[in-house]
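Okay, here's what each chain looks like letter by letter:
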Amino acid sequence: MFDHSTYPKRKKRAESFLGIHFDFHAGHDCTEVGKSVTREMIEGIIDKVRPDYLQCDCKGHPGISSYPTKVGNPAPGFVKDQLRIWREVTAERGVGLFMHYSGVYDIEAVTKHPSWARIDEKGKRDKQKTSVFGPYVDKLMIPQLKELCDEYGVDGVWVDGESWATEPDYGKRAREAWKALTGSDELPKSPEDPQYWEFREFCREGFRRYVRHYVDEMHRHNPGFQIASNWAFTSDMPEPVSADIDFISGDYPLQDSVNVARMVARCIARQGKPWDLMAWAFSGRFQSENIWSTKTPVQLCQEASVVLAMGGGFQAYFTQKHDGAISEWQMDLMAETAKFCRAREELCHRAEVVPQIGLVLSTAGYYHHKAGSLFAPWGGELVPISGVLNALLDAQQSVEILMEHQLQGRLAEYPLIVIPEWDYLAPEFVQELKDYVCDGGNLLLVGPGPVKLFADELDITLQGEPTEKKAWVEQDGWLAGILANYQATELGPKAQQFGKLHAINDRASASEPAAVMTPYGKGKVAGVLVDLGRRYRTSRTSVVRNFLSAIARELCPEPLVEVTGSHFVDVVPTRQDGKLMVNLINTAGPHHDPSVYTYDEIPPLGPLSVTIRTAKQPKSVTIQPADEKLAFSFQDGKIKLTVQRIAIHEVIVVE
């Protein structure tokens, strides 16, 4: 039993801001685990980076444990108990220690215990994934977590291979549970089968029960043991938190990281739990090449900025060698990134975003007719919302992503709500949106899907079904080609055309409405008749960006913050300790280019003209973390100032 009383107090994960993640997914080829792991190596990490916590490997997807477990499946050979060294050093230095532990995804467990495996719709045993209805969680997972807690005194686990690895289960235990619920012996296998979508939700609830079970059991065993299920209750699983997890976390991909972080950070920020996101500290083509290049400090700091601005914690992922050691030279990268993050900790950590534009990630829309995996968006369900988000952020709009439960009772706080290409919304939520507009709110519908749901309020008559259309959208006298679904409509007397869609690349050519805008009650509702979100995510043009921004500005003409001077700056207004903060993030550079693995230069932005609306004249306005005073004017409730230069991330503080 590990005695915690003799060591300095460590921060809880809920209090933590900065960490480092290490893992190596040990396999049968790991015959000398611990050989080059030393106290000096771990002390060097802590001395250079000064993290709040470290996460290191104990069991990855192969299911092989990288410590000499007595209840699991240990690696073939150990020179030293490397986990004991990690724990002793971190405990002595007052640094938290969390384990990378693969849950549902455990190849060794299903190899040794075939009856623990998930069964697919063809009756075949899954060779990688366990069944969330089966005994794996009680026979292996919980005993091993208790071992890690008691014998090694680790502070908690970051459980990997969970929601994104869970798929529909057609095994005996799932069948018995389904029969007990529905009375049916038949498990639906295709969308054409009765109760197919109900069965998918049944399987999702099976995963939720599985997580609740091991979390509750571990909290009964040790209330201080801290747990996150990787990607649970995030963009991949966009729903209310229904398990007593201690924090929310996820690792966004190694490429296009800035754009993904922009989205997922906004999906977690309002979930009501401490949270962090993990950047991969290396880049490359994950599936095809299997060779990596370490990112630069500039690259990692840019990715961190997107997370910090939304109030989250940050960690970065480095691989361990097959004996558990690390590549120590990479800690120079993490030390520089840590210095950057720490300078912004007091400004950003746990700050609350000021409501402006609410972009809806509909739980009902996401799960409705979702094929493939139960949770992970590998079918492209999040492409449209990501495209609309990027277009608005690229136009310097301040945007949050919100689920229905996060908006309940709060719709009126947002000057503008945007529905991005969902073809299904729960009827009660549709009614809430109508009431919101009637009471003076503004609603923007992007794409034929949501337009159809609000056709009466838009005062339009739909002409047939949406069809893929090759056309040119016009904005500010400029045209850009699109290929996307379009809904032909007939406008009623209240509906006003907004924008044009041309048949050819000529402003003088025949055109159709690109969007409509209609007064409804005390507010307005606008509908974009073409799927521009998906288009912008995959085929970005300045015209589409400006078009969506123009509609948003028409609906919300007086945003809290206006920034001009560059389209490469994200604007995130937050409040912290009674102060208004305006985060400015430089998103320039080739971070979205799949052929660029690493880059060490981002062109600075500036000068930027900034307008901030506030009722009272401020006492001071500074730019942080440099702590420099900014000259400003104040008139008619507007602060006006100029920011000369944004390198990566700066914060305007209004007091």
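Visitor: Please provide a residue-by-residue account of helix H7 (residues 257-268), values included.
Guide: Relative to the 16 Å expected for 12 residues at 1.5 Å per residue, H7 spans 16 Å between its end C-alpha atoms, a close match to the ideal helical length. A large share of H7 lies buried, amounting to 12 of its 12 residues. Of all the positions in H7, only Ser 257, Val 258, Asn 259, Val 260, Ala 261, Arg 262, Met 263, Val 264, Ala 265, Arg 266, Cys 267 and Ile 268 are classed as buried.

Visitor: How would you summarise the packing of aromatic side chains if you had to cite specific residues and measurements?
Guide: Throughout the structure, instances matching the rule amount to 25 aromatic pairs. Aromatic pair Tyr 196 and Trp 197: ring centres 4.8 Å apart, planes at 80 degrees, arrangement edge-to-face. The buried category is assigned to Tyr 196, whose relative accessible area is 9%. Given a relative accessible area of 25%, Trp 197 falls into the partly exposed group. Measuring from centroid to centroid gives 6.2 Å for Tyr 367 and Phe 375, while their planes differ by 75 degrees, and the two rings are edge-to-face. Overall, Tyr 367 belongs to the buried group, its relative accessible area being 9%. Here Phe 375 falls in the buried class, since its relative accessible area comes to 0%. These aromatic residues form a ring-pair network of at least three members: Phe 207, Tyr 210, Tyr 214, Tyr 366, Tyr 367 and Phe 375. In this arrangement the basic side chain of Arg 13 is found over the ring face of Tyr 53, its NZ or CZ atom lying 3.7 Å from the centre. When the ring centre of Tyr 105 is taken as reference, the NZ or CZ atom of Lys 129 above it lies at 5.1 Å.

Visitor: Lay out the nonpolar core in plain terms, naming residues and giving numbers.
Guide: In terms of nonpolar packing, the biggest core is built from 204 residues, with Trp 86, Tyr 214, Phe 314 and Ile 652 touching the most fellow members. Of the residues forming this core, the biggest block, 10 residues, is contributed by helix H6 (residues 196-221). Beyond its immediate chain neighbours, meaning those up to four positions away, Tyr 214 contacts Val 137, Met 141, Ile 142, Leu 145, Val 159, Glu 162, Ile 227 and Ser 229. Ranked by size, the runner-up nonpolar core spans 10 residues in total, among them Tyr 53, Phe 98, Trp 158 and Met 278.

What counts, and at which threshold
- The residue numbering used here restarts from 1 in each chain and proceeds along that chain's sequence as written.
- The predicted nature of this model means local features are confined to residues of pLDDT at least 70 and side-chain atom pairs, given and counted, to a pLDDT of 80 or more, with totals for whole chains, interfaces and linings taken over all residues.
- The side-chain figures draw on all heavy atoms in the structure; neither hydrogens nor water molecules are used.
- Runs of H or I in DSSP of at least four residues are treated as helices and runs of E of at least two as strands, each being numbered from the N terminus.
- Between the first and last residue of a helix there are one fewer steps than residues, each counted as 1.5 Å, and that sum is the expected span.
- Exposed residues in this analysis have more than 50% of their type's maximum accessible area, buried residues have under 20%, and partly exposed residues fall in between, with area computed by a 1.4 Å probe over protein chains only.
- Pairing of aromatic side chains here covers Phe, Tyr and the six-membered ring of Trp, requires ring centres within 6.5 Å, and sorts the geometry by plane angle: under 30 degrees stacked, over 60 edge-to-face, intermediate tilted.
- We call a charge positioned above a ring when the Lys NZ or Arg CZ atom is no farther than 6 Å from the ring centre and deviates by at most 35 degrees from the ring normal.
- Nine residue types can take part in a nonpolar core, namely buried Ala, Val, Leu, Ile, Met, Phe, Trp, Tyr and Cys, and a core is a set of them joined through side-chain atoms within 4.5 Å.
- We call two residues contacting when some pair of their heavy atoms lies within 4.5 Å.

Without other data, these values stay purely geometric and don't point to any function.
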